[in-house]
Amino acid sequence: SQEVTLMQKLSSTGYLSYMVGKWHCGVQAAHLPTSRGFNRFFGLLENPLAYDSVCGHKTNKYNVYYMENTAFENSASSALDPFMRRHYADAEDYYSPTELQEEAFRFLNDHVARYGSAGKTAGVPLFLYFATNAIRNSGDDDSHPSRFYANCTHVANPQRRNGCAASATINLAISELTTYMDTLYDDDWLGIVSSDNGGSAWNFNSPGNNYPLRGNKNEIFEGGVRVQSMIWGTYPPLLSSRMIGHTYSAGFVSIFDWHATFAELGGWTTAGGAEDDHINNGVNYLGDILENRTARPELLFVSGAGSAFLLNGTYKLLEAVPYGPESMNGPNLATKLRGHAWPVRGASTELYFASQIEVASSASYPSNEATCRKHLGKYTVDSCGRLLFDIEADPEESTDLSGSDVELLNQLIDRLQRAKASSAGLVMAPDSDIGPDGTSCASAPSWDIPTCVRATDVCQNEDVVGGSCAEEYGFRGQPLCE
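Owing to the predicted nature of the structure, the values given are computational and were not obtained by experimental measurement. (Residues numbered from 1 in each chain as written. Predicted model: local features only at pLDDT ≥ 70, side-chain atom pairs only at ≥ 80, totals over all residues. Heavy atoms only, no water.)

Enquirer: Mind laying out the pattern of salt bridges, listing which residues take part and the relevant values?
Expert: For the structure shown, the criterion picks out 17 salt bridges. When the shortest N-O distance is used, the salt bridge between Arg106 and Glu103 registers 2.7 Å. Residue Arg106 and its partner Glu103 are both found in helix α2 (residues 96-115); the two are separated by three residues, about one turn of the helix. Put simply, Arg418 and Asp414 hold a salt bridge, and the shortest N to O gap is 3.0 Å. (Salt bridge = Lys/Arg side-chain N within 4 Å of Asp/Glu carboxyl O. Helix = DSSP H or I, 4+ residues; strand = E, 2+ residues; numbered from the N terminus.)

Enquirer: How would you explain the environment of Lys22 if you had to name every residue and give the values?
Expert: In this structure, Lys22 sits in strand β1 (residues 16-22). Sequence separation between Lys22 and Val64 is 42 residues; the distance between their C-alpha atoms is 9.3 Å. Ignoring anything within four residues of it in the chain, the contact list for Lys22 reads Leu44, Glu46, Asn47, Ala131 and Arg136. At 2.6 Å, the side chain of Lys22 and the side chain of Asn47 are in polar contact. (Contact = heavy atoms within 4.5 Å. Polar contact = N/O pair within 3.5 Å; in protein donor to acceptor, adjacent residues only side chain to side chain.)

Enquirer: Describe helix α11 (residues 406-422), and please don't skip the residues or the numbers.
Expert: One turn of an α-helix holds 3.6 residues; hence residues three or four places apart share an orientation. Here α11 contains 17 residues, and its C-alpha end-to-end distance of 24 Å stays within 8% of the 24 Å for a straight helix at 1.5 Å per residue. Regarding α11, the residues found buried are Leu408, Leu409, Leu412, Ile413, Leu416 and Ala419. Relative to the axis of α11, the buried residues are bounded by an arc of 135 degrees and lie together on one face. Seen from the open side of α11, the exposed residues pointing more than 90 degrees away from its buried face are Glu407, Ala421 and Ser422. The elements touched by buried residues of α11 are β8 (298-302), β9 (308-312), β10 (315-319) and β15 (386-390). (Expected span 1.5 Å × (residues − 1). Buried < 20%, exposed > 50% of the residue type's maximum accessible area, 1.4 Å probe, protein only. Arc of directions from axis to C-beta.)

Enquirer: Could you give an account of the sheet that holds β15, naming the residues involved and the relevant values?
Expert: Within the open sheet, the four strands sit side by side as β8-β9-β10-β15. Their pairing is antiparallel. Whereas interior strands pair on both sides, the edge strands pair on one side only; in this sheet they are β8 and β15. For this sheet the average axis-to-axis angle between neighbouring strands, irrespective of direction, equals 10 degrees. Relative to β10, β9 is paired through five bridges, and the arrangement is antiparallel. Within the sheet, the bridge partner assigned to Leu310 lies in β10 and is Leu317. In the packing of α11 onto the sheet, the strands contacted are β8, β9, β10 and β15, and the crossing angle to β10 comes to about 70 degrees. (Pairing = 2+ DSSP bridges. Axes fitted to C-alpha atoms, helices over the stretch in contact; angles between N-to-C directions.)

Enquirer: Which residues make up the pairing of strand β4 (residues 83-86), and what are the values?
Expert: Of the two faces of β4, the one lined by Phe83 and Arg85 and the one lined by Met84 and Arg86 are each fully buried. Where strand β3 (residues 64-68) meets β4, four bridges bridge the pair, whose relative direction is antiparallel. Directly across from Tyr65, in β4, lies its bridge partner Arg86.

Enquirer: Lay out unusual backbone geometry in plain terms, naming residues and giving numbers.
Expert: The residue after Ala134, namely Ile135, is reached through a cis peptide bond having omega 10 degrees. Omega for the peptide link from Tyr211 to Pro212 comes to 10 degrees, which places this bond in the cis form. Looking at where Pro212 falls in the secondary structure, it is placed in the loop between β6 (190-193) and α4 (222-225). We note that Asn137 has phi near 55 degrees; this positive angle belongs to a residue other than glycine. Unusually for a residue other than glycine, Asn218 sits at a positive phi of about 75 degrees.

Shown next, in the form of structure tokens:
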């Protein structure tokens, strides 16, 4: 509730914000998309059970919802009285990436029909956040329609072939959303494609790969934190940039910087002051990217487990980071072989894992697992040590410089400690409770958007008995999926 979201910033400058895709940021009323600044939402509140299932992965509850706090489907919808419904889909035809893409098109069409083109002199501007669930959990899911396998027949490994099909849905969505934007809007627009983490290679059913980088999702080696991004659209400075068709190579940006970029492009300005650093953690580096100039000079990351890294220029200092084999029994090596450079899988996943276990079992394999243990729930420098890499010359993080350049190491240690001391950590808040009557809710967030929803709004045409519909699972009440 202390954060000011991108959507809230854009709302203050006249934008409408829409989201289509996977939310996964809370299911109670205070934490829903429409309580976080989005005017409309369609999508998945948690990870899906499967690509062709409307059920949630862990809860097995109905998982596909529509909601709004601006009147589109329901003429009475408002921030004070938001509207939500389940999305009922034909079980024979439902496929989440396609469903999400079609809903994104519907949102765009509805916007133009109601508000006109989003040009500077007419209409209402919009922000669309499209968060497909592909390619997560796609390796063991063969429900992808056959058309998406057309360019994947050469992939011998079955998990990666399924992942290839899921990736094809992303290619299609980007292509068709681009066409929609060019067709529907007569003014400039900007799109950014990015990701939240590196791929998963450690799991038997995961199709991901980060080679030659070390690490996986949930690790802070480059394989876990370095992702590709793409910028495209009709934004005039982009169209005139000499970087079109080229890769930005002069620096790096973070997800906070994309936030700041969109906010500034949307007209957000701040009065400054002590609150400014908290509200605006990122910086708009778009101008630097379009000219291939060095953007962000430094980045600090601290995990809840105590591990941290500092990117400073071309150097990356890691501290309290476990790496090496801890236990390698069973098909899934999650958190058991860390800091590993996983090669691309061959046709047999079983043989692939057997070969990697053999590599990691070598006496010369780099590891600090013998000493790196948590103390009071956190990894420590005393037990896990430090690593130093020049990630411009050595993005694979293969040559540790911590023992060869002590002066540089001490400079970066000092900088890391000062950065940690001056930073304000983010606190993950649990979902707030809703009372048995379906209307009580947590205190309203600081931006004063109401967070209560009525059980009758949630349950739609179902019977509400003693508020049990809203009580059963947060704001959601529905039978378990069979």
